[in-house]
Amino acid sequence: MPVLCGKCHSASAEVHIPYAKLSLCPKCFLDFYVRRVKGAVEDFGMFKEDDVVGVAVSGGKDSAALLHALRQAYPNLKVVALHVNLGIPKYSAHCQAKVEELTKMLDVELHVFNIVKELGIRISDFRKTVFRKKVCSACGTVKRHVFEDLARKAGVDVLATGHNLDDVAGVMFNNFFYGRWDQLVRLKPVLPPLAEGFASKVKPLIRISENENLLYCLYGDVPFREIDCPYSSGTGVRKRAEILEILSRDNPYFRHQVLNRFLELIPLLENVVSKPALVKCQVCGFPSSSDVCAFCKRVALVKKALGKG
Ligand code: AMP
Ligand code: FES
Ligand code: ZN
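Residues numbered from 1 in each chain as written. Chains lettered and ligands numbered in written order. Predicted model: local features only at pLDDT ≥ 70, side-chain atom pairs only at ≥ 80, totals over all residues. Heavy atoms only, no water.

**Some thoughts on the side chain of H145**
Part 1: Inspection of the secondary structure assignment puts H145 in helix α5 (residues 135-153).
Part 2: Non-local contacts of H145, meaning those with residues more than four positions away in its chain, are made with C284, F286, C293 and F295. (Helix = DSSP H or I, 4+ residues; strand = E, 2+ residues; numbered from the N terminus. Contact = heavy atoms within 4.5 Å.)

**Looking at the coordination of the zinc ion (ligand 3)**
Part 1: Every protein donor of the zinc ion (ligand 3) is accounted for by C281 (SG), C284 (SG), C293 (SG) and C296 (SG), and the metal-donor separations fall at 2.3 Å.
Part 2: Counting along the primary sequence, the residues that act as donors to the zinc ion (ligand 3) give the motif C-x2-C-x8-C-x2-C. Both residues of the pair, C293 and C296, belong to the buried class. (Donors = N, O, S within 2.8 Å, 3.2 Å for Na, K, Ca; no water. Buried < 20%, exposed > 50% of the residue type's maximum accessible area, 1.4 Å probe, protein only.)

**Some points on a negative patch on the surface**
Part 1: On the surface, a cluster of negative charge is contributed by E42, E49, D50 and D157.
Part 2: Among the structural elements, E49 can be located in the loop between α1 (26-43) and β3 (52-56). (Patch = residues over 30% accessible without salt bridge, like charges linked within 9 Å, V, L, I, M, F, W, Y side chains within 5 Å. Areas by Shrake-Rupley, 256 points an atom, 1.4 Å probe, with all protein chains shown as cover. Salt bridge = Lys/Arg side-chain N within 4 Å of Asp/Glu carboxyl O. Lys, Arg positive; Asp, Glu negative; His and termini not counted. Charge placed at Lys NZ, Arg CZ, Asp CG, Glu CD.)

**Here we look at the nonpolar core**
Part 1: One finds F29, Y33, F47, V55 and L67 to be the most contacted residues of the largest nonpolar core, which totals 44 residues.
Part 2: When sequence neighbours within four positions are dropped, the list of residues in contact with L67 reads V55, V57, V79, A81, L102, T103, L106 and V108. (Core = buried A, V, L, I, M, F, W, Y, C linked by side-chain atoms within 4.5 Å.)

**Some remarks on the site of ligand 1**
Part 1: As a structural note, the neighbourhood of ligand 1 is formed by 13 residues, with A56, V57, S58, V84 and G162 the closest of them.
Part 2: In this structure, V84 approaches ligand 1 through a main-chain N or O atom, which is 2.9 Å from a nitrogen atom.
Part 3: The separation between a nitrogen atom of ligand 1 and a polar side-chain atom of K143 is 3.3 Å.
Part 4: For ligand 1, whose accessible area on its own is 480 Å², the fraction buried by protein is 76%.
Part 5: Looking at the shell around ligand 1, the elements that each hand over two or more residues are β4 (78-85) and α5.
Part 6: When residues of the shell around ligand 1 are assigned to their parent elements, the largest contribution, 3 residues, is made by β4. (Near = heavy atom within 4 Å. Polar contact = N/O pair within 3.5 Å; in protein donor to acceptor, adjacent residues only side chain to side chain.)

**Quick word on the sheet that holds strand β7 (residues 190-191)**
Part 1: The strand order β5-β4-β3-β6-β8-β7 describes an open sheet built from 6 strands, whose pairing is mixed. The two strands at the open ends of the sheet, each matched to only one other strand, are β5 (109-114) and β7.
Part 2: Examined bridge by bridge, β7 and strand β8 (residues 200-202) share 2 bridges and lie antiparallel to one another. Along β8, the bridge assignment pairs V190 with V202.
Part 3: With respect to the sheet, helix α3 (residues 91-106) is in contact with β4 and β5, its orientation differing from that of β4 by roughly 165°.
Part 4: Running over the sheet, α5 touches β3, β4, β5, β6 (158-160) and β8 and is turned about 140° from β4. (Pairing = 2+ DSSP bridges. Axes fitted to C-alpha atoms, helices over the stretch in contact; angles between N-to-C directions.)

**Details of the environment of S200**
Part 1: Among the structural elements, S200 can be located in strand β8.
Part 2: C-alpha separation for the pair S200 and H16, spaced 184 residues apart in sequence, amounts to 34 Å.

**Topic: the packing of aromatic side chains**
Part 1: Within the structure shown, the criterion is met by 10 aromatic pairs.
Part 2: The interplanar angle of 65° and the centroid separation of 6.3 Å between the aromatic rings of F29 and Y219 together place this pair among those described as edge-to-face. Of the two residues, F29 sits in helix α1 while Y219 sits in helix α8 (residues 210-219), which places them 190 residues apart along the sequence.
Part 3: Here a set of aromatic residues connected by ring pairs shows up, and it is made of F173, F176, F177, W181 and F262.
Part 4: The aromatic ring of Y74 is capped on one face by K38, whose charged end is 5.4 Å from the ring centroid. (Phe/Tyr/Trp six-rings, centres within 6.5 Å; stacked < 30°, edge-to-face > 60°. Lys NZ or Arg CZ within 6 Å of the ring centre and 35° of its normal.)

**Some words on the pairing of β3**
Part 1: With respect to burial, β3 is a largely interior element, 5 of its 5 residues being buried.
Part 2: A two-sided burial pattern is seen for β3, the buried positions comprising V52, G54 and A56 on one face and V53 and V55 on the other.
Part 3: Assessed by its sense of winding, the connection that carries the chain from β3 through helix α2 (residues 61-73) to β4 is right-handed. (Right-handed = clockwise from strand over helix to strand, strands pointing away.)

What follows is the structure in structure tokens.
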């Protein structure tokens, strides 16, 4: 006898949500997911209905699910998609094609920043610099800067990213072990703008696991990329995921508990973590803790390695 969906009690259940002790049919799972996203947006006060929300869409399942779910949850909200083409051979063209397919399907305006055209570099060029074993980390710095730039140009008030529960709980754990309190504080679900004229940043999927995002895309026919970034799969990230997986085996609510405990801790930490004074980057003019910001330093490094500097 098939198990019936715990919500509609008519279709057969296909998804088990251990932390909610629910087994759902695909249709009820899609509704459950959209309600969870809406719940996080409202509980953390992520945006107002008249804000322009920019969703950073990478082509991966998390941000694809986020854009789709926000359209379902808030059909009248002004949403735009922001994509950074990182110039990684094969991978970046594939990601952009998926983002174009998704935004066309949802009728969402898309803004693309192509780093080859705009900056004259590719993320792969970091292999020629001291970042050769840490391409991902340099890529993160470039992406964060470009998101701010794209958001400003697109008139975005709030920038939403697809960081999920597994990402955030894993990074929180890691920052805790290494005592990186300033970085732990930055994992808050809502971050204020860097300065006047910049967007605030929100993580509406902070309570949703990677697996739930994957199921949402599969059941909802949401297009997402089929190949992985050649520079991903950092051992650190994998190790963290494994540790959390082991600790979650007997307690399906474990990741949520990690998140909740850290969210309680962050306001206390904010009182003791010193915030660096911000100045204007001498090159790009963005707020920065040093005369030249990390983004401009990384770009200059690559250009020098390419003989363009
Ligand atoms: P990651 O740091 O790759 O785990 O990505 C975290 C989030 O950043 C994703 O869920 C997206 O919202 C956003 N993101 C990452 N890469 C891109 C990209 N190339 N273009 C637009 N958004 C991105
Ligand atoms: Fe940035 Fe892979 S997406 S290194
Ligand atoms: Zn700069």
